[in-house]
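A look at the structure
Residue strings, one per chain:
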Amino acid sequence: MNGPWDVWSACTPDCAGHAVPRVRATETALRCAAFAHAVRRALTDGERMADPVRLRSHARALLTALGIRREGDARSLAAPLSPGGPGTLIVVNHISWLDIPALLAIEPMTLLAKREVAGWPVVGGLARRAGTHFIDRTNPRQLPYSIRELTDLLASGRSVAVFPQATTWCTADQGTFRRATFQAAIDAGAPVRPVTIGYTQHGLPSTVAAFCGEDTFAASLRRVLTARALTIRVTAHPTLDADGDGLDRRWLAARAETAVLGGRIRTETAGGAPARGLPAPRRVREPVAGRHV
């Protein structure tokens, strides 16, 4: 834990495991060489990597080098916008460092991530060049500023992807959505696009890509390099309208959480207390520096 606003996850590196037998050592070596080549190409691109076409190409090349297939119906994650309208708040569950290239391979976008991501090998560079805005969760005084910045980005027409769980889980049906970023969507009148990322091997649910707890990037990369038939599926759910009367961030976060986490019913509030059902929607301007963020 880095600070009072960090989120605790029950998942550890022990959660990560192969659903099917590993690939042979020769295949692992070939993937390792291809991945190193893709990383070198991305790094030598320098500032040109920020170009949306090049960024998408590099993200796809990294996944291909690792032998990862992409599936899903998400041709575009941003909702159709009227000219001059706000961008889309894309809310995604968080399992792995692979989530970032998986999103960028579909559609380069602004990301909102914890500051630790900036230091991750390879992915940190991709995220920085994609224009990621990093949040320091050790400093709660920064939260209102971050939400105002997110509001301004959405109001300017830029789509932003966030991970409301604020930490990683080994599967796509765990965790709870923090609410603060949803206030930005309400303030900007921006649509919210719930998105689910899941991992399979030969069609079987797999945790091999999970990057949880005290896991290291090197250990996670080794698992991914040896994973047979690893597939990332990105599912875009119908957008939620955050522009209208009768909305508050609690209601919006609960609806998005239900969509992303597989339609399960919330059994706890963000603070761990039993939920009494979803509240009737209310449109209020809540302070973002409260407990449940």
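What comes next is a walk through the structure. Only a predicted model underlies this, so the values are computations on that prediction, with no experimental measurement involved. Residue indices begin from 1 for each chain and proceed along its sequence in written order. With pLDDT at 70 or above as the cut-off, local features in this predicted model cover only qualifying residues; side-chain atom pairs require 80 or more to be listed or tallied, and sums for whole chains, interfaces and linings still use all residues. Side-chain metrics in this entry use all non-hydrogen atoms of the structure; hydrogen atoms and water are not considered.

On to the nonpolar core. Nonpolar side chains tend to gather and get buried jointly when the protein is soluble and globular. Residues Leu66, Leu77, Trp97, Leu98, Leu103 and Ile232 are the most contacted members of the largest nonpolar core, which totals 56 residues. The element contributing the most residues to this core is helix α3 (residues 99–106), with six residues. In these notes, a set of buried Ala, Val, Leu, Ile, Met, Phe, Trp, Tyr and Cys residues joined through side-chain atoms within 4.5 Å is what counts as a nonpolar core. Only protein chains enter the calculation, and the probe is 1.4 Å; a residue is then buried if its accessible area is under 20% of its type maximum, exposed if over 50%, and partly exposed in between. Working definition: helices are DSSP H or I runs of at least four residues, strands are E runs of at least two. Numbering for both runs from the N terminus.

This next bit is on the pairing of strand β3 (residues 110–114). The buried fraction of β3 is high, at four of five residues. Two strands qualify as a pair provided that DSSP identifies no fewer than 2 bridges between them. Pairing of β3 with strand β4 (residues 133–135), which is carried by three bridges, proceeds in the parallel orientation. Each bridged residue has a counterpart across the sheet, and for Ala113 the counterpart in β4 is Phe134. Every crossover in which the path from the first strand over the helix to the second runs clockwise, viewed with the strands pointing away from the viewer, is termed right-handed. Assessed by its sense of winding, the connection that carries the chain from β3 through helix α4 (residues 123–129) to β4 is right-handed.

Throughout, an axis means a line fitted to C-alpha atoms (over the contacting stretch in the case of helices), and angles, computed between N-to-C directions, take values from 0 to 180 degrees. Axis separation between helix α1 (residues 25–44) and helix α7 (residues 217–225) bottoms out at 9 Å; the angle between their running directions is 125°. For the element pair α1 / α7, the angle class is oblique. Of the residues in α7, those in contact with Thr28, Arg31, Cys32 and Phe35 of α1 are Leu221, Val224 and Leu225. Tallied by class, residues from the contact of α1 with α7 come to five nonpolar, one polar and one charged. Any angle that is under 35 degrees is reported as roughly parallel, and any over 145 degrees as roughly antiparallel; angles of 65 to 115 degrees are reported as roughly perpendicular and all others as oblique. In what follows, residue pairs with any heavy atoms lying within 4.5 Å of each other are defined as contacts. When residues are grouped by polarity, Ala, Val, Leu, Ile, Met, Phe, Trp, Tyr, Cys and Pro land in nonpolar, Asp, Glu, Lys and Arg in charged, and all others, Gly among them, in polar.

The next subject is the packing of aromatic side chains. Aromatic pairs are defined between Phe, Tyr and Trp rings, using the six-membered ring for Trp, whenever the two ring centres lie within 6.5 Å; interplanar angles under 30 degrees are classed as stacked, those over 60 as edge-to-face, and all others as tilted. Overall, the coordinates contain two aromatic pairs when judged by the stated rule. Residues Trp97 and Phe217 carry aromatic rings whose centres are separated by 4.7 Å and whose planes lie at 55° to one another, so their mutual orientation is tilted. Placement of Trp97 in the loop between β2 (89–92) and α3 and of Phe217 in helix α7 is noted, with a sequence separation of 120 residues between them. For the pair formed by Trp97 and Phe217, the shared burial category is buried. Between Phe177 and Phe182 the ring centres are 6.3 Å apart and the planes differ by 25°, which places this aromatic pair in the stacked class. We note that Phe177, like Phe182, is buried.

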